[in-house]
Structure formats: C-alpha cells, structure tokens
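Next come the chains, spelled out residue by residue.
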Amino acid sequence: MMRKKSISASKASLVLFLCQMISALEVPLDSKLLEELSQPPTITQQSPKDYIVDPRENIVIQCEAKGKPPPSFSWTRNGTHFDIDKDAQVTMKPNSGTLVINIMNGGKAEAYEGVYQCTARNERGAAISNNIVIRPSRSPLWTKEKLEPNQVREGDSLVLHCRPPVGLPPPIIFWMDNAFQRLPQSERVSQGLNGDLYFSNVQPEDTREDYICYARFNHTQTIQQKQPISVKVFSMDSLNDTIAANLSDTDIYGAKPVTERQPVLLTPTGSTSTKVELRGNVLLLECIAAGLPTPVIRWIKEGGELPANRTFFENFKKTLKIIDVSEADSGNYKCIARNILGSAHHVISVTVKAAPYWITAPRNLVLSPGEDGTLICRANGNPKPNISWLANGVPIAIAPEDPSRKVDGDTIIFSHVQERSSAVYQCNASNEYGYLLANAFVNVLAEPPRILTSANKLYQVISDSPALLDCAYFGSPKPEIEWFKGVKGSILRGNEYIFHDNGTLEIPVAQKDSTGTYTCVARNELGKIQNEVQLEVKDPTMIIKQPEYKVVQRYGQVSFECIIKHDSTLLPAVIWLKDNDELPDDERFLVGKDNLTIMNVTDRDDGTYTCIVNTTLDSVSASAVLTVVARPNPPFDLELTGQLERSVELSWIPGDENNSPITNFVIEYEDGLHEPGVWHYQTEVPGTQTTVQLKLSPYVNYSFRVIAVNEIGRSQPSEPSEQYLTKSANPDENPSNVQGIGSEPDNLVITWESLKGFQSNGPGLQYKVSWRQKDVDDEWTSVIVANVSKYIVSGTPTFVPYEIKVQALNDLGYAPEPSEVIGHSGEDLPMVAPGNVQVHVVNSTLAKVHWDPVPLKTVRGHLQGYKVYYWKVQSLSRRSRRHVEKKILTFRGNKTFGMLPGLEPYSSYKLNVRVVNGKGEGPASPDKVFKTPEGVPSSPSFLKITNPTLDSLTLEWGSPTHPNGVLTSYILKFQPINNTHELGPLVEIRIPANESSLILKNLNYSTRYKFYFNAQTSVGSGSQITEEAVTIMDEAMASRQVDIATQGWFIGLMCAVALLILILLIVCFIRRNKGGKYPVKEKEDAHADPEIQPMKEDDGTFGEYRSLESDAEDHKPLKKGSRTPSDRTVKKEDSDDSLVDYGEGVNGQFNEDGSFIGQYSGKKEKEPAEGNESSEAPSPVNAMNSFV
C-alpha cells in the first residue's frame, strides 16, 4: 500500500525539491518503448583515451551512439572540425560514427597523430566522446655501439646495462644467450626494473661472451637484440700466477684473496629517494645490493604495516609490489640489505596521487513538462579536480540560455521544464593527472501511461513463499499504480501486500487461496491503462525419505534413498552430488529413480552425498555422510629402546585406522638366529597403547613387527624393527614329554621333545639322559647326547619299570634339576592263554562268553585286553558247509566276559579267546563249540498266482531263503476286495511244508482277491508275502463285448454321432457370433443339474487288478475318472480306504530271538482285515454288460 505523509508549509519547498529529484522518470529498457520515445543521443562505445595503434594496419577510431531520432556524427581533430569528406583515406561506417583511416593503401599513421573527439547529434541534443589521443606504436633499432669486454675480479659486483631504445609502448626486457636460452637468475644475479642485469658478486662460472639483452615490442610483435656483452671473471689464484710470471723475484706483490664485503646498494643510489604513483595503479619499489655473501633483502613500511592481501615480493624479494594503491599507501618504505658482515638500507618516500574518479556521475533525467530535476556531478582526485559543464558539447557559459536551468558548481538545477529544455549535458572533471567526461541528457516527455508487462502473464510460485507480480510501466508524468484481485475486485490494501515503486505487487506469503487473476491499473493526467496477470500457487516439493548416514566396508555396496513428494503439475529433476560436486564419472555409481547405489566401494567414495530435487519453481536437498571403513593400515616407525638382557621396550606409530578405531595391536617376533623367516606370537596390547615392554629369552636374535586390529580385521604387518641379539645364559627349562618305552624285549627307548631354538638360551645345546631300574638299589646311569630327541638303552630285562630324567645343558651350564618319569623296557608276547572258557546261548542270535584272566606276570607287557575269535561251522537245517569267515571281538582292559551278537539261528559255532598286550596276541584257548536254537523263518522267496479261471486260481511259491530252523507248514490267508476297496471275510489255509503249489477253487468270478502267505517253524511264523489276483468274467459276455466293438455297423454309428456333434458345434458358433440367443429350454439343458445326469462310459473304470509285486506304481493313488491303462491295472484316488493302506512294506525289524529278519523277508504287510462285507461285490464288467 502506498503511504502519504503530511508536511509542514515551511518545509514544503525543500521536500518538493527532494521529491522531484527522486521522482525523475527512468525509461525502462524495453526495446519497443525505446523505439517509440524521442531520446537525446547517448554514446555507447568509443575508443580509449590513449589509443596506440599499429602503424602497419588501418586505424579504427570507434564512436557508437543511440538516440531517437538516430543521431548524426561529426569529428574534431586537435580542436578543429575534421572534414572527412576531403580526405580520401578516411571513411565513416554507415549508421555509425566510427572512423576508418586506410593506412594499408598508402597512408601513413604518423600523419594522423592527434587528438580526436566525436559528436553525436539529433534534434534533442548532442553527446560528445572523450578526447582520443592517436599515437602509432614505435619499435626503433638499437643504436650501434662498441662494447668493451668486462673483466671483473671474483667476488666484485657488476652491472650489465641494457639501455633499450625508447619505444611506444615501452618494450619488455629479458636476457638470453646465443642459443636463445634465458640466463638463469638468482638472489645473486637478477634483472632490475630498468632492464639492467645486476650481479651482487661475480663467480668464475659467470664468465661468458654471450650476455644479450632483448627488447620485445608487443604492439608490433617485434624483438630487437643488443650486441652480445662479454664478461670474464678472474679468480685470485689465476691472477696471482699471471702477476708472478711478469714480475721479478725481487718485486713484492700479491693480489688479495677474495674477501667478504658488507652490503652496498647498487640501485637506488643514496640513502633516500621519492616515488609518485597514481591511485589504482601497481606500485613497484626496487632495491638491489652488492655484497659477499649475497645480501638478503627485507622490506618494511615506517610507521605502519605493509597492506595485507595486496603486497607481493618478486625478483627474490628485491622488488616490493603493492597492487591497487590508494592514498593510504603513501609513506616511507625502507629496504634493508643484510649479510653476515652488516647491512645497508634505503628509504623511498611514496606519494600516491589520483587522477579524477567519480563519486557521483551524472545520470540521465526523464521529466514531464512542468517538473523539476537536478544533474549532479561529483568527483574526487589528488589534487582535487575542477568541475566544468557543457551543454550539447558547448561550454555552458556560451550555450543558448534556458530559463529552466541554473548551474550551481557541480549541480545543475532544473525548474518547470518544457519540451524545449531537452538537451545533453557534459560534466568534465580534470586535474593534472587526467580527466573524466560524462554525458547525461535531460529528456522532457509528455506520454500517457503504458504497461510493459505482457498481458495475462502467468506467475507460478510455491506455497508459503513470496509472489512478485510485475507491472512494468512508463508514462510522463509518472503514473500512479493500483492493484485489484479479480475482474471486479476491490483495490488491494493492507499489510499482507507490499507495493514497490516499479509497480510490482509482492505477496510476502502466498497461499493456495492466493491463486487467481490480478489487475494492475496505471493512470496519469494523460490517460489510464490496465493489465491482468495470473497467479498459481503450487504445493512445495519435499523429500519424505532422506538419505541416511551409512558405514560400509571397503569393496562393499551401499545405497542412499531419496523419495520425494511434489506438486502433480511440476516435473522434478533429481541430481546427486558428492562433496558439493558432480558424481565421479564411474560405472560403479548407479542412479535409480529413488536411490543412489555405489558398487565396490573404495576409500575415495568417503564423503557427503547430497540429493537435490529441482523443479521450475523450487529446490530442496538432503545430505548424508558415507563412511568407508576398512582394516587399518600397518603401523610404522618401529623403535627399540631400553635394551636389557631379558627385556626391551618397543614403540611404534599407528597407521590410518580407516574410520574404524583400532582395538588392539598384536606383536610378533622372528628369531633370525634359529628360525629365520618364521614369525611367532609375542603379545598384544590395547589400541590406545603404542609402547610395550617385552620379555625376552637369552641367545635370540629378535626382530619385531606390529599388526593393528579393528572391527573390520587385521592390518598387514608393519615393516620389521631393527634386530636385537640377547646374551647367552644357562637353559631355563628342560625337555618336556619325556617317555620311556621299549621297542624290543631287551631295550628301553627314552624320548623327549627337544627345546626350541630360543629355549636353548645359548650355543652348544645338549641333553643329559639318566636312568635306573625302579625298586632296585641301583645308581643312576647317565649319558650326554647332542641336540637329539631319542636315546636307546640296550640289554634291559623284559618289561621292567625304570626311573628316567632328561636335563638340558649348553656351553654356559645346566638347566635346573629335571623331574623324574617312570618308563618300561620292551614288551614280549604273552605266555599263556585264558582258561575256563564258557559260552551261554541267550537266544537264537545272541550268546555270552566267559573266561578266567591270565596272571599279569605272564602278560609280559601292558595288558590291553582280550580278543574273542568266533566262526560259524555249519547250518543245522541244511547240513551244508561253506567258506568259514572268522569274526573278532575285542574287549579292552581286564574284562572276563562279553556278548556275541548277530549269530544265525539253528547253527553250530566255534570260538577261542586270546590275551593281548602292546607286543601282540598270546596263544589261543582251546576251541569251544556251541549251537544256536531255531528261530522264525524269513518270508517265502516268491509267490506267483497263475491260470485264472471263472472260479479258481493257481498259487506257486518258493521256500524261505533263511528257514532258521525246520519248517513245519505254510499259512495262506486270502479275502476278496470289492469296488470300493473294502475287504471281505478272511479265509485261512494251512499247507504242509513239503508243498510248493496250490489250486484254489470255488472262487467268485470277476472278483479281486488279496493273498497273505508265510512259513512256520516250531518257534513261530515268519514274515509274510502278499499278492493280489482277479478271476475272469463270463466268457460269453466277454466275447459279445468284443464282437460289438469290431462290428462295422457300430463303427458307422459312432462316426455319424461324431459328425452330428461337429455340425452342432459349427451352428452354435455361427449363432453366437451373430448375437443370437439360446431358448430358455436349451439353456436349462445346457446347465442341467449334474446330480441327475446319466453316467458316461468314461466315468467308470473297467478292467482287472494285477499283481502289486509286478508294478511299483500300484502303491500310488489312482486318478479319479481315468481310463483303464493298457496293462489293465485299475488306479483310483479320493478314497479313505485306498490300496495304499494294504501295500507291502520292506522295513526290516528284529524278531523275538534278536535276529534281523528284514534282510531276508519279502514285502511286509499289515495284518489282514477281518470283516463281514460281502465278497459278491458288483463287477464293473457286469455293469458294462447291463449297460449294453
């Protein structure tokens, strides 16, 4: 909302003046508007004030201007009119004031040197350019001069003068040799700002004949060369030799040796100097000193500090460079040259002057008739510049008078201007170091309001953010602006809106209800205009699932999520950054729709990852840090300190922990004396510790290494430490695991584990082996052996105990007294067999054997146990012999009985018993014979059912493979099975044991029977075998069924039925495609209740069951409704009482007598089911015959 304030009458004139000055119109930079409005000229482009041109090329002096109407151009040269039409070499570009002076076609640049100024003029005024000074560049040759060789004594200073020709602009100087190689410069030899080459002190290596100064003139791209300068340096030794050769022995002369000298300044000379520099330029101060040793230069500012960030040192600190100097940089600068003999200094008094520079440059004024305004021109400089005004390029004092204009120093005040007051004014600010010239026009216009913003422009912003609705306008007088919402809305006011001077309406916090049409109205005394714009407020873009901090192991995989929600009308673009830069160009980085995945992560991937979501209206971002962890880097800089005989301190520097803290350090050692290349564990310390005190053994050449450990794993080992050889000492310990065991009946083999190399504690490791018979009053027998681990004592009694000890010793002495161990001399075979062997038969497969132990003295060794040898002699049922296979059971320790399992029933066995020691087995006891009783037989070897008739079946079988006794009979049980697989009454028949076949008669025709068959001994019945079979149907009916299927008339009938069905299907298909409807009756027939449909042939299963033994598939459920397969086996499922429940099992089990009968039996079957069901179940074949 625009606000107005009341003011007092006494201050009205001042406030009016300020308001008029502030309210001066600014013409918007609208191309269409600028084309329509009248405007005084404005210089837009001009050549530099000091314009150095290449004399070989055409001279182009630029002068471009704009205005309405387009301005015309004219030039002055050296203050007088330059008539370009009279000079054929000069042309002006069309629609431009730019001059082109043709030098390349015969003109000379020198003829056109001078001061040029351009004037651009139209009916509203005239603008002028700067004074443009044209000077052609010059690159003159070096003057011929004869250069004498420079002969210099070693250590003296030297200056090689360049003195380049004066060029325009000044040339760039550098020194090179004949091979066009730059001469090396240093603190001792360097080039000054004037181009001379300074030697603080010369050395013999400075001798050469090709010191050449080059001057490069950049404007003309030419290089001028000075004649080579020769320098010869005489050393003191060679100079003395030369003098001595030319003088007599009586002459007393000697050149002084090279002497050191304190610094003396070569440039600038004297103790003080002055320097004037202009504001904004680069200040260069130089001090070069002679002296030996070469002096070092230091700079200070007296009474102040050198300006920070703008001070630089060049040319080995001999040049002080301060950029962008200002008046504050004025003062005294001291350079100090110093060497070990003293110092020299020079003070440079610097004064910073200033060419004029703007404080307030005049600005263009656009006023309405009757308005007031001001032009202000304020500049500063040192000395203070003089301000002068021009009107249309003419000094304002002699310009046509304008009653609305008043000049007041650096200000021109305009009052009640009229259209004729339009003009271009020039402000000139000048002092002795330069000038400034600025054009500013006063354009008096009377224009009705114009709105420059496009009609119906659409603005889109995000909710809760500012909305800026433009209403760029122009008019003279300046129009007033009002805003409305909607076509017929009221004027907008209140704190929720901000009205800017340029016409823009700002809604600080736009909401969804801010959406709509807004109208801008501009009016002044010459008219009124309005414009509508549209505002749409969108939902903000949000990241609803931000990436999260991740820790991943090196070479692993990691993903960052970035799930966004945005306005449906905006199209988001998702960008991922790493450390605020683009993602690496690496195929390991996979950018998905909502995530970033990094494969095979490396250490370089560590950093901050940022998800940026950009739309045309807003941008949001979220970041997460990725920490890549890995095993630590190995420690380094291992150091041994505090070396003692039995300890040393080891320290190290940890390697990079790779983002996972080090938990501990493992210290390993290598014994370079005894086991080079083999590393052993020494100790470990916490990860915060980097030193450890290590216990050492004597006579070990230690090297240590350290391994760092973190949660990820172990680092590579560090580089080994330096070696440390400890002193020798007596052994600290004796061999371990000392044993005495005889290998022969008359010896004792003493063995031990030798000491390791570092346990020897010194050279010459040996062992003292001692022994004596236990419980006998004998002295110790000892022998010293080399570094071995075995000693054999011969001539000992058989298996007697010995006391044994082994002591270590080396060249320095013995280890502590060792402990004693008990050993035995060698064993021999036992002398006697166990006696009183007894056998008790437990059952048909198990027996228990007993024996008396042998006397221990006869064992002649360590009793290990007894072995029972047993074998089957023959089977009592068959009376046939076979290969005898002996079996052995071993009973450890002093045991006197044992069980013999797995015996065969009804068989004869033999056994004997032997005692066992470490040497072997003793003699066998006499063979003991025993027999096993009968057991139940295995199942018959087979059962076949053949020759089925209407009422009979023939059964054939084989005797059991293992009768396990004398067979007494066979038991046959059978029962019928009806169509629902229910079992009928069970019939049992006992058959003599000598029979192998049986014909069953008086059976039902076309009926399936299940048979159960097993053998018996006096002990009981063995496992059974089962089988199924079917009696055949009536022969006449079967013949008739076959005859019908082969009759021609039946085949023809079936073909006719198939043809009718095909025609019916075609008709139905055509009617359906034509959109026809079936009659209700047809629909009812088509959807009849399936419960009352007649049974089709395919719904039944016909045929005959076959033997389950012949086909394993009979154990599987039968599919409902399937046809009879070719092998006539009926399959059926979905029955609670399926044939699977009556299948034959093959699981073996133990019988009562302990024998494992499963390995001999046939297929195991459940007990046959008893029942009263009728065996006269309706036959499927009968049903078929009835159907036919």
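Computed from a predicted structure; not experimentally measured.

What counts, and where the lines are drawn
Residues numbered from 1 in each chain as written. Predicted model: local features only at pLDDT ≥ 70, side-chain atom pairs only at ≥ 80, totals over all residues. Heavy atoms only, no water. Helix = DSSP H or I, 4+ residues; strand = E, 2+ residues; numbered from the N terminus. Buried < 20%, exposed > 50% of the residue type's maximum accessible area, 1.4 Å probe, protein only. Contact = heavy atoms within 4.5 Å. Areas by Shrake-Rupley, 256 points an atom, 1.4 Å probe, with all protein chains shown as cover. Core = buried A, V, L, I, M, F, W, Y, C linked by side-chain atoms within 4.5 Å. Pairing = 2+ DSSP bridges. Disulfide = S-S within 2.5 Å. Salt bridge = Lys/Arg side-chain N within 4 Å of Asp/Glu carboxyl O. Phe/Tyr/Trp six-rings, centres within 6.5 Å; stacked < 30°, edge-to-face > 60°. Lys NZ or Arg CZ within 6 Å of the ring centre and 35° of its normal. Patch = residues over 30% accessible without salt bridge, like charges linked within 9 Å, V, L, I, M, F, W, Y side chains within 5 Å. Axes fitted to C-alpha atoms, helices over the stretch in contact; angles between N-to-C directions. Polar contact = N/O pair within 3.5 Å; in protein donor to acceptor, adjacent residues only side chain to side chain. pLDDT = per-residue confidence, 0-100.

### With respect to the overall build of the protein
The number of helices and strands found in the protein is eight helices and 85 strands. Out of the 1188 residues in the protein, the part that is buried amounts to 40%. Sequence separation of 24 or more characterises 65% of the internal contacts of the protein that already satisfy a separation of 6 or more. With an accessible surface of roughly 64,600 Å², the protein has 51% of that area assigned to carbon and sulfur atoms.

### Thoughts on the nonpolar core
In terms of nonpolar packing, the biggest core is built from 30 residues, with Ile59, Ile61, Trp75, Ile101, Tyr116 and Ile134 touching the most fellow members. Elements represented by at least two residues in this core include exactly strand 2 (50-53), strand 3 (59-61), strand 4 (63-68), strand 5 (72-77), strand 8 (99-101), strand 9 (114-122) and strand 11 (132-136). The element that contributes the greatest number of residues to this core is strand 9, accounting for three residues. With residues up to four places along the chain from it excluded, the contact list for Ile101 reads Asn58, Ile59, Ile61, Gln89, Val90, Tyr112 and Tyr116. Membership of the second largest hydrophobic core comes to 21 residues, among which are Leu492, Tyr497, Phe499 and Leu535.

### Quick look at the sheet that holds strand 52 (residues 581-582)
On the basis of which strands lie adjacent, the open sheet formed by five strands has the order 48-56-55-51-52 and mixed pairing. Both outer strands of the open sheet, strand 48 (550-553) and strand 52, are each paired with one neighbouring strand and no more. In the sheet, strand 55 (residues 607-614) pairs with strand 56 (residues 619-629) via eight bridges, with the strands oriented antiparallel. Residue pairing in the sheet places Cys611 in a bridge with Ala622 of strand 56.

### Topic: the environment of Lys384
By the secondary structure assignment, Lys384 is in the loop between strand 31 (378-382) and strand 32 (386-391). Through-space distance from the C-alpha of Lys384 to that of Ala355 is 8.8 Å; in sequence the pair is 29 residues apart.

### Notes on the state of the cysteines
Inspection of the entire model under this criterion finds six disulfides. A disulfide bridge connects Cys562 with Cys611, and the sulfur atoms are separated by 1.9 Å. Every disulfide takes its handedness from the sign of the S-S torsion; for Cys562 and Cys611 that torsion is -70°, giving left-handed. With Cys562 in the loop between strand 49 (558-561) and strand 50 (563-565) and Cys611 in strand 55, this pair connects stretches of sequence that are 49 residues apart. If the cysteines joined by disulfides in the protein are listed in sequence order, their pairing comes out as 1-2, 3-4, 5-6, 7-8, 9-10, 11-12.

### Concerning the pattern of salt bridges
Going through the model one piece at a time under the given rule, you end up with 37 salt bridges. For Lys226, the salt bridge identified is with Glu145, shortest N-O distance 2.5 Å. Of this pair, Lys226 sits in the loop between strand 18 (222-225) and strand 19 (229-234) while Glu145 is found in the loop between strand 11 and strand 12 (150-153), placing the two residues 81 residues apart along the sequence. Taking relative accessible area as the criterion, Lys226 reaches 4% and is therefore assigned buried. Looking at Glu145, the relative accessible area reads 32%, which means it is partly exposed. Bridged by salt links that share partners, the residues Arg153, Asp156 and Arg261 form one connected network.

### Side note on the packing of aromatic side chains
Scanning all chains against the criterion turns up 20 aromatic pairs. Through a chain of ring-to-ring contacts, three or more aromatic side chains come together here, namely Phe174, Phe180 and Tyr214. The aromatic ring of Tyr357 is capped on one face by Arg279, whose charged end is 3.7 Å from the ring centroid.

### Topic: a nonpolar patch on the surface
Taken together, the side chains of Leu1059, Leu1060, Leu1062, Ile1063, Ile1066, Val1067, Phe1069 and Ile1070 define a hydrophobic patch exposed on the protein surface, amounting to about 770 Å² of accessible area. Assignment of secondary structure puts Leu1062 in helix 6 (residues 1048-1073). Taking relative accessible area as the criterion, Leu1062 reaches 46% and is therefore assigned partly exposed.

### Some points on unusual backbone geometry
Glycine aside, negative phi is the norm for most residues, and most peptide bonds take the trans geometry. Following Leu168, the chain continues to Pro169 via a peptide bond in cis, the omega torsion being -10°. Structurally, the position occupied by Pro169 is in the loop between strand 13 (158-160) and strand 14 (172-176). At the junction of Leu292 and Pro293, the peptide bond is cis and its omega measures out at 0° in the coordinates. Inspection of the secondary structure assignment puts Pro293 in the loop between strand 23 (288-292) and strand 24 (296-301).

### Structural notes on the sheet that holds strand 15 (residues 189-191)
The strands making up a sheet are joined through hydrogen bonds of the backbone, oriented either antiparallel or parallel. Pairing within the open sheet is antiparallel, and its three strands lie in the order 13-16-15. Only two strands of the sheet have a single partner each, and these edge strands are strand 13 and strand 15. Strand-to-strand, the axes of this sheet are offset by a mean angle of 15°, without reference to chain direction. As defined by bridge partners, strand 13 adjoins strand 16 (residues 197-199) across three bridges and the pair is classed as antiparallel.

### Remarks on the pairing of strand 34 (residues 405-408)
With four bridges connecting them, strand 34 and strand 35 (residues 411-414) associate as antiparallel partners. Directly across from Lys406, in strand 35, lies its bridge partner Ile413. Taking the residues between adjacent antiparallel strands as the criterion, strand 34 and strand 35 are bridged by two residues, where Gly409 takes a positive phi near 65°.

### A short note on the environment of Lys321
Take Lys321: it is sitting in strand 26 (residues 319-322). Accessibility expressed as a relative area gives 23% for Lys321, which makes it partly exposed. The sequence separation of Lys321 and Leu285 amounts to 36 residues, and the corresponding C-alpha distance is 6.7 Å. Apart from residues no more than four positions distant in its own chain, Lys321 is found in contact with Val282, Leu283, Leu284, Arg310, Thr311, Phe312 and Glu314. Within the local environment of Lys321, its side chain forms a polar contact with the side chain of Glu314, the two groups lying 3.3 Å apart.

### Things to note about the environment of Leu889
As for its placement among the helices and strands, Leu889 is situated in strand 75 (residues 887-892). When the C-alpha atoms of Leu889 and Lys867 are compared, they prove to be 5.7 Å apart, with 22 residues separating the residues in sequence. When sequence neighbours within four positions are dropped, the list of residues in contact with Leu889 reads Tyr866, Lys867, Val868, Tyr870, Met899, Leu900 and Pro901.

### Structural notes on the confidence of the model for the protein
Model confidence for the protein is summarised by a mean pLDDT of 84, while 84% of its residues fall at 70 or above. The low-confidence segment residues 247-255 (pLDDT under 50) makes six contacts with residues lying over four places distant or belonging to another chain. The model gives residues 1075-1188 a pLDDT under 50, and that stretch makes 167 contacts with residues more than four places away or in other chains.

### Quick word on the side chain of Lys226
Of note is the side chain of Lys226, whose polar atom sits 2.5 Å from the side chain of Glu145. A polar contact of 3.3 Å, which involves the side chain of Lys226, links it to the backbone oxygen of Cys162. Excluding residues that lie within four positions of it along the chain, Lys226 makes contacts with Trp142, Glu145, Leu147, His161, Cys162, Ile212 and Cys213.

### Some words on the pairing of strand 57 (residues 636-641)
Looking at chain direction, strand 57 and strand 58 (residues 647-653) are connected through four bridges and run antiparallel. Residue pairing across strands places Thr641 opposite Glu649, the latter belonging to strand 58. Linking strand 57 to strand 58, which pair antiparallel, is a turn of five residues; within it Gly642 sits at a positive phi near 60°.

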